[in-house]
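Secondary and tertiary structure notes
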Amino acid sequence: MEQLLEDYALVEEANKEITMMLPKASISLVKRGTSVLNLLLEWIVNTAKHLNDIDKAFKEREKQLAEKLVRAAEEKDRSLAECHSIEQELEKATRERDDARFELQCLLKELEDIKEMEEEAGRLQQAVDEDTTTTIPSAVYIAQLYHKVTKIRWDFDSDPSVIKGIHYGPDVAQPINIDSTQHSKSFICDHLWSLVSTEW
């Protein structure tokens, strides 16, 4: 733009010099040509100013767009980083959920096993209660009956191979001490029955 103004000033100077050198008859023609040339130069100067303004506006707009593009790129990077962070949190939450599900399944299985054990314990307890109410009283009754009939008090603390006890007969108490390894079962049975009184 500055160069164009300098060129315009040189043309004006040359025009003045040409006008002074021409005869007076040609001055009006030169003035008309100069007027046209001035108009043309003015148009060129105005157009150059307009183009300069457009160029400035374009560069300003280009600068704004470049800054906007940089901000968009930074925002994109932030968004990608945030997206990556969210993905990692989602993966962690998924792992924790899977671990919690597995632990819950294990606890449910353990609870089911405990329930089965409780049911089995209940059945065993019921069987024991039935045996206690049925077997023990009958065993006690039979033991008492044997004692009343035989009048023998057994020594259960002795060696299992030795049959020990005391027979309370009508006259005296007689100790019993039989080694089962030395006598047959029939001998032992006959001997014990021989102690029982036949008188009622």
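Structure's up top.
Conventions we followed
Residues numbered from 1 in each chain as written. Predicted model: local features only at pLDDT ≥ 70, side-chain atom pairs only at ≥ 80, totals over all residues. Heavy atoms only, no water. Patch = residues over 30% accessible without salt bridge, like charges linked within 9 Å, V, L, I, M, F, W, Y side chains within 5 Å. Areas by Shrake-Rupley, 256 points an atom, 1.4 Å probe, with all protein chains shown as cover. Salt bridge = Lys/Arg side-chain N within 4 Å of Asp/Glu carboxyl O. Lys, Arg positive; Asp, Glu negative; His and termini not counted. Charge placed at Lys NZ, Arg CZ, Asp CG, Glu CD. Helix = DSSP H or I, 4+ residues; strand = E, 2+ residues; numbered from the N terminus. Core = buried A, V, L, I, M, F, W, Y, C linked by side-chain atoms within 4.5 Å. Buried < 20%, exposed > 50% of the residue type's maximum accessible area, 1.4 Å probe, protein only. Contact = heavy atoms within 4.5 Å. Pairing = 2+ DSSP bridges. Axes fitted to C-alpha atoms, helices over the stretch in contact; angles between N-to-C directions.

Further remarks concern a negative patch on the surface. Residues Glu 112, Glu 116, Glu 118 and Glu 119 make up a contiguous surface patch of negative charge. Within the secondary structure, Glu 112 is located in helix H2 (residues 27-150).

Grouped together as the largest cluster of nonpolar side chains are 6 residues: Ile 152, Ile 176, Ile 178, Ile 188, Leu 192 and Leu 195. The set of elements that each furnish at least two residues to this core consists of strand S3 (173-179) and helix H3 (185-195). If you tally residues by element for this core, the top one is H3, at 3 residues. Aside from chain neighbours lying at most four places away, what touches Ile 188 is Ile 163, Ile 178, Ser 180 and His 183.

Turning to the sheet that holds strand S1 (residues 152-154), a few remarks are in order. Ordered in space as S1-S2-S3, the 3 strands form an open sheet in which the pairing is antiparallel. The open sheet has two edge strands with one neighbour each: S1 and S3. Each strand axis lies, on average, 25° off the axis of its neighbour in the sheet, ignoring direction. Two strands pair when backbone bridges link them, and S1 and strand S2 (residues 162-168) are joined in this way by 3 bridges, in the antiparallel orientation. In the sheet register, Ile 152 faces S2, and the bridge partner there is His 167.

Relative to S3, S2 is paired through 7 bridges, and the arrangement is antiparallel. Within the sheet, the bridge partner assigned to His 167 lies in S3 and is Gln 174.

Attention now goes to the side chain of His 167. Structurally, His 167 is set in strand S2. Since its relative accessible area comes to 6%, His 167 is described here as buried. Dropping the residues within four chain positions of it, His 167 is found in contact with Thr 150, Lys 151, Ile 152, Val 172, Ala 173, Gln 174, Ile 176, Leu 195 and Val 196.

On to the pattern of salt bridges. Counting across every chain of the model gives 5 salt bridges. With a closest N to O distance of 2.6 Å, Arg 78 and Glu 75 form a salt bridge. Separated by 3 residues within a single helix, Arg 78 and Glu 75 lie in helix H2, roughly one turn from each other. The class of Arg 78 is partly exposed, set by a relative accessible area of 48%.

All quantities given are derived from atomic positions and should not be read as evidence of function.
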